[in-house]
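# Per-entry structural report
Below, each chain spelled out in residue letters.
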Amino acid sequence: MAQPDARSDILAPAPWVEDRGAKIRVTAVSTFLTAPHGCPHLVVRVETNEPGLYGLGCASDPQRTLAVRSVLDDYLGPMLVGRDPDDIDDIHRLLLNSAYWRGGSVTGNALGGIDVALWDLKAKRLGAPLYSLFGGRVRTHAEAYTHVSGADADEIADKVVAARERGYRHVRVQASVPGSDTYGTGAASADAHALRTRSVPWDSAAYVRTVPRVLTAVRSRVGDEVELLHDVHERLDPRQARDFLRRVEDAGLYFVEDLLAPEDASHFAALRAGSPVPLAVGELFHDVGQFLPLLDGPAIDFARIRVPTLGGLTPARKLAVYCELRGVRLAPHGPADVSPVAQAATLAMNISSHAFGVQEAAVFKPAVLDVFPGTVVANDGVLSPHETPGHGVDFDEVAARRHPVPEPLEHDRWALLRNTDGSVQRP
C-alpha cells in the first residue's frame, strides 16, 4: 500500500482545485496480486476520504508483474495521495511526465491501473455507468470472439460450429503444425513439458505451408455465416508475411492478427497494399504514438488496443477517436491475463465508440468470478455492460487471498522460443 511521503510534492497541485472547493482526496493507492485463473492479476484500488468510495483498475503484466507493482507502490501511488481524483487527464499527464523518461510497458501498465481506477471512481461519484461518461451508448452490445484450435481442419471446423451454436459470430482459429511450436494450440506435440518450456522449435516455413491450407479447408467446411480470425503472434518476417497473406486469401478471414512484430511495423503499408486480407495489430504497443504511422495511411484495418498497457482509458479513448476518423476499427486485446476489471473498462470504451469492431472475450475459470464479482461474460456471443455505477466489476480481497500467485512468478520465467536453427524467435 502506498503511503504519503515527500514525493507527493513532486506533482504540482492543480491551481483550480482549492478555488472550486473540492473536498474529495485520495487517501491510499493499494495493490493486490492474485491468480484465480492461474496467471497473475495485479489489481489497483484508489481509495478516498469519502467512506466506501474507491475505484478499481487493472495493471496486469504477466511477464513483468513485480516491476509494475514496484512502480505503483514506490512511485506513482505516493504521488497520488492527497490529490483530488477528479481531474483525470491532468493527473495522467503529471504521472506520465514525472518519470522524465516516458513510456515502456511497465510504466504503461502501472499508469493504466491508476487511470482506470480514477475513471471508475468518477463514474461511481456521479452514479452513472462508466460508458455514460464517454458520451453514452452508440450500440446495445459489443460483438465478441472466442478461440478454438485443433490438429486438422475437421477438428477445428467442428469446434467452430460448436462456438457458432453458442452464439459466437466471430471465432479465432489456430491450427497446429506437426513437430513445431504453434501459437494458440496445444496440439503441436504430445510432450506437455516440451510445450510448456517452449523446447519444441518454431518452424516458420512449415507454418506458412501448413496453416493457410488448414484455414482455407475450415472455411469450406463452416461456410460464410461465421467470421474467422487468425493470430500469427508476430512470428513471421516481412518476406514470410507476404507469402502467408498470398496463401490465405481464399480463407475469407475477418482479419489476420499481429502478422509482424512491432519492430517490423514499417512493412504493414506494403502488406496491406498488396493483399485484400484485413490486418490487425497493436497488442504489444505501449504508446499511442506507435499506432499513428499505421493509422495515417491507414496501413492496418484493426487496432488491437490493450487498455492497461497503453496507460489506461485516457490515452486509449483518444486513440479510438483517431481510429474512427481514419476508418480503422477497434479489436481490443482481452485474453485471460487481462483481468475482468480491464475487460469491463474496455467494454465501456467499445460501447461508446463508433470505431468498434470486435472484442476478444476471455473465458474465465469459475474462481475468477468469486474474486471479481460482476465479471462480464459473453452471452450469445456478445458482451453487455453493467448499468451500475462505474465499470461494474468489484474485487473481493478475501477471495483473492485464496488464490496466491506462485513465487517466483511462473510468468516471469518466460521461456524463449527458438527457431529450428537454434536462434531466438519472437514470442
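Residues numbered from 1 in each chain as written. Predicted model: local features only at pLDDT ≥ 70, side-chain atom pairs only at ≥ 80, totals over all residues. Heavy atoms only, no water.

## Thoughts on the overall build of the chain
- Of regular secondary structure, the chain possesses 14 helices and twelve strands.
- What you see for the chain is a C-alpha radius of gyration of 22 Å, in line with the 22 Å of a compact globule of 427 residues.
- Its C-alpha atoms give the chain principal-axis dimensions of roughly 65 × 45 × 40 Å.
- Buried positions account for 57% of the 427 residues belonging to the chain.
- For the chain, the proportion of contacts with a sequence separation of at least 24, taken over those separated by at least 6, is 71%.
- Accessible area for the chain stands at about 17,300 Å²; split by element, carbon and sulfur atoms hold 52% of it. (Helix = DSSP H or I, 4+ residues; strand = E, 2+ residues; numbered from the N terminus. Rg over C-alpha atoms; globule rule 2.2 N^0.38 Å. Buried < 20%, exposed > 50% of the residue type's maximum accessible area, 1.4 Å probe, protein only. Contact = heavy atoms within 4.5 Å. Areas by Shrake-Rupley, 256 points an atom, 1.4 Å probe, with all protein chains shown as cover.)

## Observations concerning the packing of helix 3 (residues 88-98) against helix 4 (residues 105-126)
- Interaxial distance between helix 3 and helix 4 falls to 10 Å at its minimum, and their mutual angle equals 165 degrees. As the angle between them shows, helix 3 and helix 4 are arranged roughly antiparallel. Here the hand of the crossing between helix 3 and helix 4 comes out right-handed. Taken together, the residues of helix 4 that come into contact with helix 3 (itself represented by Ile88, Ile91, His92, Leu95 and Leu96) are Leu111, Ile114, Asp115, Leu118, Trp119 and Lys122.
- Here the contact of helix 3 with helix 4 is built from residues that sort into eight nonpolar, one polar and two charged. (Axes fitted to C-alpha atoms, helices over the stretch in contact; angles between N-to-C directions. Parallel < 35°, antiparallel > 145°, perpendicular 65-115°, else oblique. Left-handed = near helix turned anticlockwise from the far one by under 90°. Nonpolar A, V, L, I, M, F, W, Y, C, P; charged D, E, K, R; others polar.)

## Here we look at the confidence of the model for the chain
- Per-residue pLDDT for the chain has a mean of 91; in total, 91% of the residues score no lower than 70.
- In the model, residues 2-6 has pLDDT below 50 throughout and makes nine contacts with residues more than four positions away in sequence or in other chains. (pLDDT = per-residue confidence, 0-100.)

## A few points about the environment of Gly179
- In this fold, Gly179 is placed in the loop between strand 5 (170-175) and helix 6 (192-196).
- On the basis of relative accessible area, Gly179 is assigned to the exposed category, the value being 56%.
- When the C-alpha positions of Gly179 and Trp202 are compared, they lie 8.6 Å apart, and in sequence the two are 23 residues distant.

## Thoughts on the pairing of strand 2 (residues 41-48)
- Taking burial as the measure, the eight residues of strand 2 include eight buried ones, the bulk of the element.
- Side chains His41, Val43, Arg45 and Glu47 project from strand 2 onto one buried face, and the interleaved Leu42, Val44, Val46 and Thr48 project onto a second face that is buried too.
- Where strand 1 (residues 26-34) lies against strand 2, eight bridges are found, and the strand directions are antiparallel. Note that in strand 2 the partner of Thr34 across the bridge is His41.
- Counting the residues between successive antiparallel strands, the hairpin from strand 1 to strand 2 contains six residues, one of them, Gly38, with a positive phi of roughly 105 degrees.
- As defined by bridge partners, strand 2 adjoins strand 3 (residues 54-58) across five bridges and the pair is classed as antiparallel. Paired with Val44 across the strands is Gly57, a residue of strand 3. (Pairing = 2+ DSSP bridges.)

## Observations concerning unusual backbone geometry
- Note that the residue after Gly297, namely Pro298, is joined by a cis bond; omega there is -5 degrees.
- Looking at where Pro298 falls in the secondary structure, it is placed in the loop between helix 10 (292-296) and strand 9 (302-303).
- Of note, the phi angle at His233 is positive, near 65 degrees, even though the residue is not glycine.
- Counting through the fold element by element, His233 comes out in the loop between strand 6 (227-231) and helix 8 (238-248).
- Phi angles above zero are rare outside glycine, and Glu234 is one such case at about 65 degrees.
- Relative to the helices and strands, Glu234 is located in the loop between strand 6 and helix 8.

## Focus on the pattern of salt bridges
- Per the counting criterion, the structure on display carries 23 salt bridges.
- Arg169 is the salt-bridge partner of Glu143, the closest N and O atoms lying 3.2 Å from each other. With Glu143 in strand 4 (residues 142-150) and Arg169 in the loop between helix 5 (153-165) and strand 5, the pair connects residues that are 26 residues apart, well separated along the chain.
- Given a relative accessible area of 25%, Arg169 falls into the partly exposed group.
- Arg221 is paired through a salt bridge with Asp154; the nearest N and O atoms lie 2.6 Å apart. With a gap of 67 residues between them, Arg221 in helix 7 (residues 204-222) and Asp154 in helix 5 connect regions that are remote in the sequence.
- Taking relative accessible area as the criterion, Arg221 reaches 43% and is therefore assigned partly exposed. (Salt bridge = Lys/Arg side-chain N within 4 Å of Asp/Glu carboxyl O.)

## Examining helix 3
- Buried within helix 3 we find Ile88, Ile91, His92 and Leu95. Looking straight down helix 3, one finds its buried side chains confined to an arc of 100 degrees; they lie on one side.
- Check the buried side of helix 3 and you find it contacts helix 2 (65-80), helix 4 and helix 11 (313-326).
- Positive phi shows up at Tyr100, right after helix 3, with a value of about 70 degrees. (Arc of directions from axis to C-beta.)

## Some words on the pairing of strand 3
- By the criterion of burial, strand 3 is predominantly enclosed, with four of the five residues buried.
- In textbook terms, the turn of a hairpin is the stretch between consecutive antiparallel strands, and for strand 2 and strand 3 this stretch comprises five residues, one of which, Gly52, has a positive phi near 80 degrees.

## Section: the packing of helix 2 against helix 3
- Contact geometry for helix 2 and helix 3: axes closest at 11 Å, N-to-C directions at 145 degrees. Regarding helix 2 and helix 3, the two cross each other, and that crossing is right-handed. Between helix 2 and helix 3, the contacting residues are Leu76, Met79 and Leu80 on the first element and Ile91, Leu95 and Ser98 on the second.
- Its residues placed into classes, the contact of helix 2 with helix 3 shows five nonpolar, one polar and no charged.

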